[in-house]
Amino acid sequence: MKRPIRLSLLVAVALLATGSVPVAVAHGRVRTPEPLGDTTTAPVSAENARVGVLVRGGVHYCTASVVHSEGRDLIVTAAHCLTGSGSGGIEFVPGYRDGKAPYGEWAVTRTYVGDGWKGRQDEDSDVAFARVVSRGGEEVEDLVGGNRLVAGPGLSSVGEAVTVVGYPRARETPVWCANISTAYGDSQQRIECPGYSGGTSGSPWIDARGRVVGVLGGFQQGGATDDVSYSVVLGGEVAALYGEASK
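First, a word on what this report is: a plain description of the structure on this page.

1. Examining the sheet that holds strand β1 (residues 40–41)
Here six strands make up an open sheet; going across it, the order is β1-β10-β9-β13-β14-β8 and the pairing mixed. Edge positions in the sheet fall to β1 and β8 (148–149), since each of these pairs with one other strand and no more. Sheet topology places strand β9 (residues 161–166) next to strand β10 (residues 175–180); six bridges connect them, and they run antiparallel. When the bridges of β10 are listed, Thr 163 appears paired with Ala 178.

2. Notes on the packing of aromatic side chains
Aromatic ring pairs are described here by two measures, namely the spacing of the ring centres and the angle between the planes. One pass over the structure, following the stated rule, counts five aromatic pairs. Both rings, one in Tyr 184 and one in Phe 219, keep their centres 4.7 Å apart while their planes meet at 40°; by these two values the pair is tilted. Note that Tyr 184 is positioned in strand β11 (residues 182–184) and Phe 219 in the loop between β14 (211–215) and β15 (228–232), a separation of 35 residues in sequence. Taking relative accessible area as the criterion, Tyr 184 reaches 34% and is therefore assigned partly exposed. The ring of Tyr 61 carries Arg 56 above its face, with NZ or CZ at 4.3 Å from the centroid. Against the face of Trp 106 rests Arg 135, its NZ or CZ located 5.2 Å from the ring centre.

3. Here we look at unusual backbone geometry
For the bond running from Glu 34 to Pro 35, omega is -10°, close enough to zero to count as cis. With respect to the helices, strands and loops of the structure, Pro 35 is situated in the segment before β1. Its identity is not glycine, yet Asp 98 carries a phi of approximately 55°, on the positive side. Checked against the element boundaries, Asp 98 lands in the loop between β5 (90–94) and β6 (106–113). By relative accessible area, which is 53% here, Asp 98 ends up exposed. One non-glycine residue, Gln 220, adopts positive backbone phi at about 50°. By the secondary structure assignment, Gln 220 is in the loop between β14 and β15.

4. As for the state of the cysteines
Using the criterion set out here, one finds two disulfides in the structure. Disulfide pairing is shown between Cys 62 and Cys 81; the S-S distance is 2.1 Å. The disulfide joining Cys 62 to Cys 81 has a torsion of about -80° about its S-S bond and is therefore left-handed. Here Cys 62 is found in strand β3 (residues 59–67), whereas its partner Cys 81 is found in the loop between β4 (74–77) and β5, with 19 residues between them in sequence. Across the pair, exposure class does not vary: Cys 62 and Cys 81 are buried alike. Covalent S-S linkage joins Cys 177 and Cys 193, the inter-sulfur distance amounting to 2.0 Å. The S-S bond linking Cys 177 to Cys 193 shows a torsion near -75°; that makes this disulfide left-handed. One end of the pair, Cys 177, is in strand β10; the other, Cys 193, is in the loop between β12 (188–192) and β13 (204–206), and 16 residues separate them in sequence.

5. A closer look at the environment of Val 213
Looking at where Val 213 falls in the secondary structure, it is placed in strand β14. The class for Val 213 is buried, based on a relative accessible area of 8%. Sequence separation of Val 213 and Ala 151 is 62 residues, and the distance between their C-alpha atoms is 7.1 Å.

6. Let's talk about the pattern of salt bridges
Following the criterion strictly, the structure yields seven salt bridges and no others. The closest approach of N and O atoms between Asp 122 and Arg 120, which form a salt bridge, is 3.4 Å. Bridged by salt links that share partners, the residues Arg 72, Glu 141 and Asp 142 form one connected network.

7. Digging into the nonpolar core
Residues Leu 54, Tyr 61, Ile 75, Leu 82, Phe 92, Val 132 and Val 140 are the most contacted members of the largest nonpolar core, which totals 22 residues. Residue assignment for this core shows that the elements contributing at least two residues are β3, β5, β6, β7 (128–132) and α2 (140–144). Examining the composition of this core, we find that four residues originate from one element, β3, more than from any other. Excluding residues within four positions of it along the chain, Leu 54 makes contact with Val 59, His 60, Tyr 61, Cys 62, Ala 64, Ile 75, Thr 77, Cys 81, Leu 82, Ile 90, Glu 91 and Phe 92.

Criteria and cut-off values
- Residues numbered from 1 in each chain as written.
- Predicted model: local features only at pLDDT ≥ 70, side-chain atom pairs only at ≥ 80, totals over all residues.
- Heavy atoms only, no water.
- Pairing = 2+ DSSP bridges.
- Helix = DSSP H or I, 4+ residues; strand = E, 2+ residues; numbered from the N terminus.
- Phe/Tyr/Trp six-rings, centres within 6.5 Å; stacked < 30°, edge-to-face > 60°.
- Buried < 20%, exposed > 50% of the residue type's maximum accessible area, 1.4 Å probe, protein only.
- Lys NZ or Arg CZ within 6 Å of the ring centre and 35° of its normal.
- Disulfide = S-S within 2.5 Å.
- Salt bridge = Lys/Arg side-chain N within 4 Å of Asp/Glu carboxyl O.
- Core = buried A, V, L, I, M, F, W, Y, C linked by side-chain atoms within 4.5 Å.
- Contact = heavy atoms within 4.5 Å.

Rendered as structure tokens:
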């Protein structure tokens, strides 16, 4: 489990099986860390500004990122980051670095957690969305942009290189690492990158085209060690939940 720590990525869901949501394709490639499997400080960039911390009671305890939605106010994280005792009073701080909030603090106003997690904390349902309140008439996506989300029946990023950006325990700056994702059973994926400790739950897994194809969580709420992390394969359940959240 990636445990709490202290404070001081246009989106399309590809429902190929049903065709109920149109498919969109991202163009171009994004900068990624090198070499594979090497965790370093994530640089300041427009893309990394979409990733931030979730804050509650003066501590940052999970990572989240902005994904595109019609309302331009949607973030994605792990379901276990938005449930449990004291789940209210959450704020999202994009681009958080060295105790500063360069893009402001955004209050979470509504959360979207799937029935599989709410009912039995199913590890295959450990993905959730939240909407944040606008500030001064501006939405969070207007300020930092939003990554595409790719989810749907039969879709998987297993076997592809993905970059994971998140905020670990002993740092006040984000880290990033790229590696090849591998399958863990039929519904989970894993990546080997050192240093993903407490606070990195909810970190987006971003492919070479800048699309979110995973969220750190799932098996053992993201993994029992700092060197191997997990994500649910973003299938039909996540696609349906995104559809609900983005209405």
